[in-house]
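# Structural features, examined
Now for the letters of each chain:
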Amino acid sequence: MPGYGTGREVPHAGAPDALQGDADEDVEFWGLLYLDPLLELRLLTAETTARTELAPGARPPGEALSAAAPALTADDRLRPLLDAAGIADDFAAAVAAVLTADDCRRFLRAPAEGAGTAELARAFVAEAVRRRAGRQGPAATLDGTARDEAVARITALLPGPFGSGDEPGTHRGPVTRRIKRLTGRLALGLASAQAVKRRSALTDAAHPAAGDVLLYLARGGPVREAVAQAVLAAEPPVVLLAHSLGGIAALDLLVLRPLPQVALLVTVGSQAPFLYELGALPSLEPGAPLPDHVPRWLNVYDRRDLLSYLGAGVFPGRVADIALDSRQPFPLSHSAYWSNPELYRVLAGELP
């Protein structure tokens, strides 16, 4: 099956294995924070309970930091980063929610040695992502690079009597090494509460896509015809750019019907190669080659997008697979293509 085994495990060109492993750890850590934005703060307070009592008249270590946080959205440099990350509308509410949470209050009162503002910045951003991803409507397009830049800016803006902690967008520092020791225990806990939440998130993300595919396989004719009419109405050369199920419909159409107006097919996060391997692609029997009239095909995928599949090994010489990295865990990776500037650089270099 395309994309199984090593298909999604291939490191990006020029990336040493160690760096790739660090990047994967960062993405997985963000995946945990999206489920539980207060996780890091809670872990970094767990060893400080014996030091929570303050001397009379002493100010809690995080008091100035807590007071400054609500004004973050007024920063002219932060707002564009929040917009680019797709969380600007949810950020103020996220900050308020984190600051009023008991776990955050305990962290600000007695942070573990080495903890800093980066951990709080990640909690703000993770809560904003959680809120945005949970809203009804179109899937969120959230860019991991912009997210990390926002975390770095928040970290720089926040005052406080303790340091900046780990590298802002990543989780590689003395504090994180402590957290990783603790996450051995955390992994066991995740097998119950958090793992169930993660399983639910994955199921909820995959279910609509699976339902849409099944509906298309049963009644896909009108969809293909709508795409064909749009192609015929456009001025050639035409580029068909299609995401997920759209890539299945676009490929089906181009196999079944010669459309010389189409100079390029671009599928993004598509399951078309997978359906072909299953024998479920309506237009093409398993083992049959692509007809000669099918145009040049670029297949964009993210190895963290569990709903994207490789095509070059399935249709040798007819498909060029292009890897992107959204730096987002699944299911956010399935819709993060559209906020990834690299996609548009690829398209700019390929458009006729």
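Our structure's up above, just so we're on the same page.
Notes on the structure in this doc start here. (Residues numbered from 1 in each chain as written. Predicted model: local features only at pLDDT ≥ 70, side-chain atom pairs only at ≥ 80, totals over all residues. Heavy atoms only, no water.)

### Details of the overall build of the protein chain
Regarding its fold elements, the protein chain presents 13 helices and 4 strands. The burial tally for the protein chain puts 47% of its 352 residues in the buried class. For the protein chain, the proportion of contacts with a sequence separation of at least 24, taken over those separated by at least 6, is 78%. Counting every atom, the protein chain has about 16,300 Å² of accessible surface; 57% of that belongs to carbon and sulfur. (Helix = DSSP H or I, 4+ residues; strand = E, 2+ residues; numbered from the N terminus. Buried < 20%, exposed > 50% of the residue type's maximum accessible area, 1.4 Å probe, protein only. Contact = heavy atoms within 4.5 Å. Areas by Shrake-Rupley, 256 points an atom, 1.4 Å probe, with all protein chains shown as cover.)

### Quick notes on the pairing of strand S3 (residues 296-301)
Here S3 lies mainly inside the structure; 5 of its 6 residues are buried. Of the strand pairs in this sheet, strand S2 (residues 262-268) and S3 are connected by 5 bridges, and their pairing is parallel. Paired with Leu265 across the two strands is Trp297, which belongs to S3. Assessed by its sense of winding, the connection that carries the chain from S2 through helix H12 (residues 272-278) to S3 is right-handed. Alignment of S3 against strand S4 (residues 319-323), held across 5 bridges, turns out to be parallel. Across the sheet, residue Leu298 finds its bridge partner in S4, namely Ala320. (Pairing = 2+ DSSP bridges. Right-handed = clockwise from strand over helix to strand, strands pointing away.)

### Quick word on the pattern of salt bridges
One pass over the full model with this rule turns up 18 salt bridges. Note that Asp103 is salt-bridged to Arg106, the shortest N-O span being 2.8 Å. Of this pair, Asp103 and Arg106 both sit in helix H6 (residues 102-109), separated by 3 residues, roughly a single helical turn. Its relative accessible area of 14% is what places Asp103 among the buried residues. With a shortest N-O distance of 2.7 Å, Glu127 and Arg131 are connected by a salt bridge. Here Arg131 and Glu127 lie together in helix H7 (residues 117-134), a separation of 4 residues that amounts to about one turn. (Salt bridge = Lys/Arg side-chain N within 4 Å of Asp/Glu carboxyl O.)

### So, the environment of Arg131
The partly exposed category is assigned to Arg131, whose relative accessible area is 29%. Separated by 97 residues in sequence, Arg131 and Tyr34 have C-alpha atoms that sit 9.1 Å apart. Not counting chain neighbours up to four residues away, the residues in contact with Arg131 comprise Asp90, Ala93, Ala94 and Ala97. Polar contacts involving the side chain of Arg131 include one to the side chain of Glu127, which spans 2.7 Å. (Polar contact = N/O pair within 3.5 Å; in protein donor to acceptor, adjacent residues only side chain to side chain.)

### Thoughts on the packing of aromatic side chains
Tallied over the entire structure, the rule returns 5 aromatic pairs. Taking 4.6 Å as the distance between ring centres and 5 degrees as the angle between the ring planes, the aromatic pair formed by Phe274 and Tyr309 counts as stacked. Note that Phe274 is positioned in helix H12 and Tyr309 in the loop between S3 and S4, a separation of 35 residues in sequence. The residues Phe274 and Tyr309 share a single accessibility class, namely buried. Between Trp297 and Phe315, the ring centres sit 5.6 Å apart and the planes meet at 45 degrees, which makes this aromatic pair tilted. In this pair, Trp297 is assigned in strand S3 and Phe315 in the loop between S3 and S4, connecting sequence segments 18 residues apart. (Phe/Tyr/Trp six-rings, centres within 6.5 Å; stacked < 30°, edge-to-face > 60°.)

Keep in mind these values describe shape, not function.
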